[in-house]
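# Structural description and commentary
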Amino acid sequence: MKRLLIALLSLIVLLPVSAQDSSCEDGFRLIEHALGATCVPENPQRVVPLDMTITELLLISGMQPVAASQTVLDAYTRMHPELEATFTDVMEDAEDTGFPPNIEAVLNAEPDLIIGPRDLFTESLYPQLNEIAPTVLYDPLPGDWRSRLIFAGEVLGLSETVDNLLADYVVRVDELRGLLSDDAGTIEVSLVRTFPGQIGLVLAGTAGAALLDEVRLARPESQTVDYDYVLEELDGRPELLISEEEMLLADSDVVFVFGDPSALLEMLLWNALPAVQDDRAYEVGYYWWGDSLLSAHDMLDDLFAYVAETTPENPNPFAEGFTAASPASTCATGTREVAHAQGTTCVPDNPQRIVALDPFTFETMVALNLPVVATPAIYVDELTGKFPQFGERLSDVVDTGIPINIERLLEAEPDVILCRQTACDGLYEQLSAIAPTVFFDNSGAADWRESARFFAEVVGSGEALAEVEATFEARLDDLRDAITAEFDHPPTVSVLRIRPEQLRLYFEDSFPWTVLSAVGFTSPEGQSDVIAASTEQFGSPRLANISLEQIPVIDADYVFVFTTDGLTPGDAQDYLAELQENPLWQALDVVQEDRLYIVDNYWFG
């Protein structure tokens, strides 16, 4: 129904054109626009876009403009810096039309169609542009990128693409409105655009203001003026400039600030705002000043994250750039396309026979109560040894062995295979020949939530993981409160792994510190040199082996020690026993005060 409605809207906007008798040559059709009616190619191949709406649609559709304005692209890059490389590639083969459009540059591009907004520059240049190639101009309505997109789709022969793009956008809007339905009209959102020496409240006439209205979020009273006021009192600029003394006008239930807030964030009156005091003021991207489809999707991302406080079921289709949503997926019904470390793969919407080939992914699937049919038996044994309640449920899981036994894997008849790349390196082609296979690039990833979220989304269990994370966060809050009550300073901690003849310290970019940092622990000052050496070796503070002479550096408010055996079972425990007799070990304050704890090797993560 929504796609049909959008299609009908397209017809309504352009009905006068299609209803006329066309006097165009074969291969052309008549388009009515702001400056009359023009015959345009039915299938244009060499397009010069004069604004970002058209450029955006061309790139989404896989069409390269033959000329574009570097000035316009630079402004757009400020809103979407992740696309800078894309625009650099575009301009390698395109003429720079500049701004206003340079007639010579447009002529050199040899276009078959020119399209853009009607403004003072394009209107005065229209006769010259139209002499070079059929030129179509539209009247831009501030904040209304959708009407422009629909018009551009008709002119470029991309109406079906536009219908699909808008339908996907409406689905995300509807999802957010559903999440906010209980609070419709009661949550106020303030938009603050700022640069050193300038503080502006964003008003009607912007895509950001229009989106907030669309999802039924209110605005603070200072920002509720209509567009007539913007036109008559502010000369059409949809922004109310305020002084530092008027800062309270920026306050709201939620505040989004963008631009260059470096000076603003230092102001006492800004930091005194209730929203700032309550951690409800968020620095967001400059796309909130944008007026396009991609900007609108990025704005939705912020509203999902900071107002609805959830991960959307319908993610941003352009999170990875222009090509993320185009061409359309070729996946069969009941499957969907997933991007991962080895490319893209069509996976079942609701997999029923999951193979997890590394311990982390296996435990994630078990925690989410998902049907795992095969994994190495050692992972099952380790998990059920710690959590025997899973024993019966995992009794029929096929042992794939280590290294992976392909024949056993075939017997499991999986419908999807999951693995972290470092655990299955070199196996992708063999595995993907058996079933759709997805790898997560975990090189350098210490936070378990990164890959947990990734694989949960792959198997369609994002909401289930969110519940697990919420429970985990609640436990972190309890622990953080207890630590704050116990100490008048950030407590220090060391994490030491013992193997035969090896002592290894772990630092903030390692698995244990995903918890320790979150609840307020820090590393002892005496480890600064060791941490610096680790950072130089790994590019970040992760781990370091220390000698027996360096045992004093582990001293801290608390020390957690775990062991992992070498070639002989129990050999790490034997080495630990030797260490406990070492005078340097016995001299540690943490040992003498009985604050060193031997823990299980789940600290290894």
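For the structure given in this document, a descriptive report is provided here. (Residues numbered from 1 in each chain as written. Predicted model: local features only at pLDDT ≥ 70, side-chain atom pairs only at ≥ 80, totals over all residues. Heavy atoms only, no water.)

Attention now moves to the state of the cysteines. One pass over the structure, following the stated rule, counts two disulfides. Bridging C24 to C39, the disulfide has an S-S length of 2.0 Å. Here the disulfide of C24 and C39 is left-handed, its torsion about the S-S bond being about -85 degrees. Linking C24 in the loop between α1 (2-18) and β1 (28-33) with C39 in strand β2 (residues 36-41), this pair joins segments that are 15 residues apart in sequence. Here C24 falls in the buried class, since its relative accessible area comes to 17%. We classify C39 as partly exposed; its relative accessible area is 27%. Shown here is the disulfide that connects C419 with C424, its sulfur atoms set 1.9 Å apart. Because the torsion about its S-S bond is 80 degrees, the bridge between C419 and C424 counts as right-handed. On the basis of relative accessibility, which here comes to 0%, the residue C419 falls in the buried class. (Disulfide = S-S within 2.5 Å. Helix = DSSP H or I, 4+ residues; strand = E, 2+ residues; numbered from the N terminus. Buried < 20%, exposed > 50% of the residue type's maximum accessible area, 1.4 Å probe, protein only.)

A few words on the packing of aromatic side chains. The final tally for this structure, using the stated rule, is 20 aromatic pairs. When the centroid spacing of 5.3 Å and the interplanar angle of 75 degrees are considered together, the rings of Y428 and F439 count as edge-to-face. Taken together, the positions of Y428 in helix α17 (residues 428-432) and F439 in strand β19 (residues 437-440) put the pair 11 residues apart, joining distant regions of the chain. Grouped by ring-pair contacts, the aromatic residues F487, F521, Y558, F560 and Y597 constitute a single cluster. Over the ring of Y286 we find R78; its NZ or CZ atom is 4.9 Å from the centre of that ring. (Phe/Tyr/Trp six-rings, centres within 6.5 Å; stacked < 30°, edge-to-face > 60°. Lys NZ or Arg CZ within 6 Å of the ring centre and 35° of its normal.)

Attention now goes to the pattern of salt bridges. Summed over all chains, the structure comprises 14 salt bridges. Here R480 makes a salt bridge to D477, at a shortest N to O gap of 2.6 Å. Within this pair, R480 and its partner D477 are both found in helix α19 (residues 462-486), separated by three residues, close to a single helical turn. Connected through salt bridges with shared partners, the residues R118, E123 and D139 form a single ionic network. (Salt bridge = Lys/Arg side-chain N within 4 Å of Asp/Glu carboxyl O.)

What follows concerns the sheet that holds strand β18 (residues 416-420). Here five strands make up an open sheet; going across it, the order is β17-β16-β15-β18-β19 and the pairing parallel. For this open sheet the edge positions go to β17 (398-399) and β19, each flanked by a neighbour on one side alone. As judged from the four bridges shared by β18 and β19, these two strands associate in the parallel manner. Paired with R420 across the strands is F440, a residue of β19. (Pairing = 2+ DSSP bridges.)

Following both chains from N to C, one finds helix α9 (residues 207-214) and helix α13 (residues 293-306) inclined at 50 degrees, their axes separated by 11 Å at the closest point. Between α9 and α13, the angle falls in the class oblique. The interaxial crossing formed by α9 with α13 has right-handed handedness. Where α9 approaches α13, its residues A207, G208, L211 and L212 are matched on the opposing element by A296, M299, L300 and L303. By residue class, the composition of the contact of α9 with α13 is seven nonpolar, one polar and no charged. (Axes fitted to C-alpha atoms, helices over the stretch in contact; angles between N-to-C directions. Parallel < 35°, antiparallel > 145°, perpendicular 65-115°, else oblique. Left-handed = near helix turned anticlockwise from the far one by under 90°. Contact = heavy atoms within 4.5 Å. Nonpolar A, V, L, I, M, F, W, Y, C, P; charged D, E, K, R; others polar.)

Relative to the elements of secondary structure, V66 occurs in the loop between α2 (52-60) and β4 (67-68). Here V66 is in contact with R46, V47, V48, D93, A94, E95, A109 and P111, once residues within four sequence places are set aside.

By the element assignment, D415 lies in the loop between α16 (406-411) and β18. Along the primary structure D415 and E245 are separated by 170 residues, whereas in three dimensions their C-alpha atoms are 62 Å apart. Setting aside residues up to four positions removed in sequence, D415 forms contacts with P348, P351, Q352, R353, I354, A435 and P436. Side-chain polar atoms of D415 contact the backbone nitrogen of Q352, separated by 2.7 Å. (Polar contact = N/O pair within 3.5 Å; in protein donor to acceptor, adjacent residues only side chain to side chain.)

All right, on to the pairing of strand β6 (residues 113-117) then. Of all five residues in β6, five are buried; the element is thus mostly enclosed. By the bridge criterion, three bridges tie strand β3 (residues 47-49) to β6 in an arrangement that is parallel. For P49, the partnering residue across the bridge sits in β6 and is I115. Note: β6 against strand β7 (residues 135-138), four bridges, orientation parallel. Its bridge partner being in β7, I115 is matched across the sheet by V136. Crossover connection from β6 via helix α6 (residues 120-132) to parallel β7: handedness right-handed. (Right-handed = clockwise from strand over helix to strand, strands pointing away.)

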